[in-house]
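Fold and geometry: a report
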Amino acid sequence: MTHYDVIIIGTGAGGGTLARHLAPSGKRLLLLERGGWLPQELQNASADEVFVNGRYVTTDTWRYDNGEAFEPQVHYYVGGATKMFGAALYRLREEDFRELKHRDGISPAWPIGYDVMEPYYTLAEQYYQVHGARGEDPTEPPSSAPYPFPAVSHEPRIQKLSDDLAALGHHPFHAPCGVMLDEANRPFSRCMRCDCCDGFPCIVHAKSDADVLGVRPALEHSNVELWTNAEARRLITNDAGTEVTGVVVERDGATETVRGDLVVVSCGAANSARLLLMSADDQHPNGLANGSDQVGRNYMFHNSQAVLALSREENPTVFQKTLGLNDFYFSGPDFEFPMGNIQMVGKSQAPMFRGEKPGETKLAPNWTLDDVARHAVDFWLSTEDLPRPENRVTIDRDGTITIAYKNTNEESKKRLFGQLKSMLSHVDDIDHHHLLPHHWYLKNEVPVAGCAHQAGTCRFGTDPSSSVLDPNCKAHELDNVYVVDTSFFPSIGAVNPALTAMANSLRVGDHLLERMGVGAAPRVAAAPNSGVAS
């Protein structure tokens, strides 16, 4: 039986990034992915297939705490959730690492500061070829290097919106985008700026996902092995219960146990908690790393809403996700508490409405869904969700996940939506072609089943009684188990969490390299502005 130096369970933003970072070390790495390679096929770019037929969504069934079953919108493929993400690669704000007072309570401080994470944010931006522009967003944290690629340009309609917002005293900025785009040399650009990026798998592999820019570069090294369709079912400990000695894997209908010196869990916030809970044994009767009863608790996901502002004129924008605004991130007019982030979302297509079924569509009588999509200017609003012990993941005997959850910061979310409407109404005063009357907003709430931006079930901290992991993301109770997906977040902020998961996995990766006696990995040089993956 082959013995591995490191077994990484999951190949998404955390696991896939870690694999790339560790690969040059020469250490034997095994990547376990419960799904396969997402097929590269024409259906990748079909809104009907992706949003209506759910072609790439898991067949898992989870439950709410009232017993009601639901199908989670999760995707088990090499690259994990990043295969379908919108590639908005934001840093958390510097203040997000400190204690922040919210309308509904406290967002706790992290055990490390932004200064510790900053060099790894910079490295993650290089790994994932992030396009952006420093200095436009006043909430932007300090950085040690420019973005490796220039910001993705706004199309004319979005540029006009940006100009109008700036004229009103707001601070719109170019959103940080992880796409392999070279606007100065389009014939050689892998990215085409199509309308099938946000929420779709990229048919030409031009999105900066953890498959294309994490796992595939790792597999160029002969010491790295990937098992697909290989689900980790449980972790086995030694007799003392102090370290994991084996991972039970179900692959191609057979069960086998693989062994390694270090085990890294990166299955996604719900599934990482599930794996630890399923691994209960005599030494850990409540689940591995769960002496504090914190595994599965503090489940968070952004209190998000997709908002469609219906325009008088058609919106011909194709690649729309280029603009963000954080003017209300920490407070707003007559409201001293944080509200959150506003950004553009991928351009609406009619099948998306049929797939997601927003009830508000009925407010547009005599309009077809195609009409709505053509006239929509689409926004995504994220308000921070606060950690609550009672918001948690549990499992039943067969491992089925149950999520108990109640929203937080509803007032902040409501006010952020109000600020968007107020802001756009003032924009319309400047430029009367923008919007229909103010009540023409279609809003789609993102439910628990959406599983968007889930985090927090294995929080890290210095106190073993209130956290699962130590500041290096090692389980307090186990000598060789680490968690590097968004489970480790003690708070979630209000911007997309993927880049933070990537940066943290690089930080943990340096710790693992030092632990294995290799030393920190060499830093990659900032790539030339080619937009083509190396």
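A short tour of the structure in this document, coming up. All values reported here derive from a predicted model rather than from experimental measurement. By convention here, each chain's residues receive numbers from 1 onward along its written sequence. In keeping with the model being predicted, local features are shown solely for residues with a pLDDT of at least 70 and side-chain atom pairs are shown and tallied solely at 80 or more, while totals for entire chains, interfaces and linings include all residues. For the side-chain quantities, the full set of heavy atoms in the structure was used; hydrogens and water were omitted.

Attention now moves to the overall build of the chain. Helix numbering and strand numbering both begin at the N terminus, where a helix is a DSSP run of H or I of at least 4 residues and a strand a DSSP run of E of at least 2. Looking only at helices and strands, one finds 10 helices and 21 strands in the chain. Relative to the 2.2 N^0.38 estimate, which gives 24 Å for 534 residues, the radius of gyration of the chain is 22 Å and therefore close to what a compact globule would have. With the C-alpha coordinates of the chain rotated into their principal frame, the extents come out at 70 × 50 × 45 Å. Counting over 534 residues, the chain shows a buried share of 61%. Carbon together with sulfur atoms contributes 49% to the accessible area of the chain, which is approximately 19,900 Å² in total. Lys and Arg are tallied as positive, Asp and Glu as negative. Neither His nor the chain termini are counted. Just so you know, the charge point we use is NZ for Lys, CZ for Arg, CG for Asp and CD for Glu. Taking the 47 positively charged and 69 negatively charged side chains of the chain as two groups, their mean positions are separated by 2 Å. The atom set for the radius of gyration is the C-alpha atoms, and the globule formula is 2.2 Å times the number of residues raised to the power 0.38. Remark: exposure states derive from per-residue accessible area (1.4 Å probe, protein chains only) relative to the maximum for the residue type, with buried under 20%, exposed over 50%, and partly exposed in between. Note on areas: Shrake-Rupley, 1.4 Å probe, and residue coverage restricted to the protein chains presented here.

With that settled, consider empty space enclosed by the protein. Both site types are read off a 1 Å grid over the protein atoms alone. A 1.4 Å probe that fits but cannot get out defines a cavity, while an open set with protein on both sides within 12 Å along at least five of seven lines defines a pocket; lining residues have an atom within 4 Å of a point. Grid points are joined across faces, edges and corners, and a volume is the space filled by probe spheres set on the points. Within this structure, the stated rule accounts for 5 cavities of 30 Å³ or more. In this model, the largest cavity occupies a volume close to 120 Å³. Lining of the largest cavity is provided by 14 residues; of these, Arg93, Glu140, Tyr147, Phe173 and Pro176 occupy positions nearest its centre. Within the lining of the largest cavity, the residues separate by chemical class into 6 nonpolar, 2 polar and 6 charged. Roughly 80 Å³ of volume is contained in the second largest cavity. Forming the walls of the second largest cavity are Val179, Cys191, Met192, Arg193, Cys194, Cys196, Cys197, Cys202, Val204, Ala206, Lys207 and Phe319. When residue character is reported, Ala, Val, Leu, Ile, Met, Phe, Trp, Tyr, Cys and Pro are called nonpolar, Asp, Glu, Lys and Arg charged, and the others, Gly included, polar.

This paragraph deals with unusual backbone geometry. Look at Asp252: it is not a glycine, yet its phi comes out positive at around 50°. Following the sequence through the fold, Asp252 ends up in the loop between strand 12 (244–251) and strand 13 (254–265). Even without being glycine, Asn409 reaches a positive phi, approximately 60°. Structurally, the position occupied by Asn409 is in the loop between strand 19 (401–404) and helix 9 (410–430).

A separate point is the sheet that holds strand 19. Being paired, for any two strands, means DSSP has found at least two bridges between them. Spatially, 4 strands are ordered 4-3-19-18 in an open sheet, and the strand pairing comes out mixed. Here the strands that pair on one side only, and so sit at the sheet edges, are strand 4 (69–70) and strand 18 (392–395). Examined bridge by bridge, strand 3 (residues 62–64) and strand 19 share 2 bridges and lie parallel to one another. Bridging across to strand 19, Arg63 finds its partner in Thr402. Contact between two residues is taken to exist if any of their heavy atoms lie within 4.5 Å; hydrogens are not considered. The angle between two axes is taken between their N-to-C directions and runs from 0 to 180 degrees, where each axis is a line fitted to C-alpha atoms and a helix contributes only its stretch in contact. Docked against the sheet, helix 6 (residues 269–278) engages strand 3, strand 18 and strand 19, running at close to 45° with respect to strand 18.

By themselves, these observations are geometric and do not establish any function.
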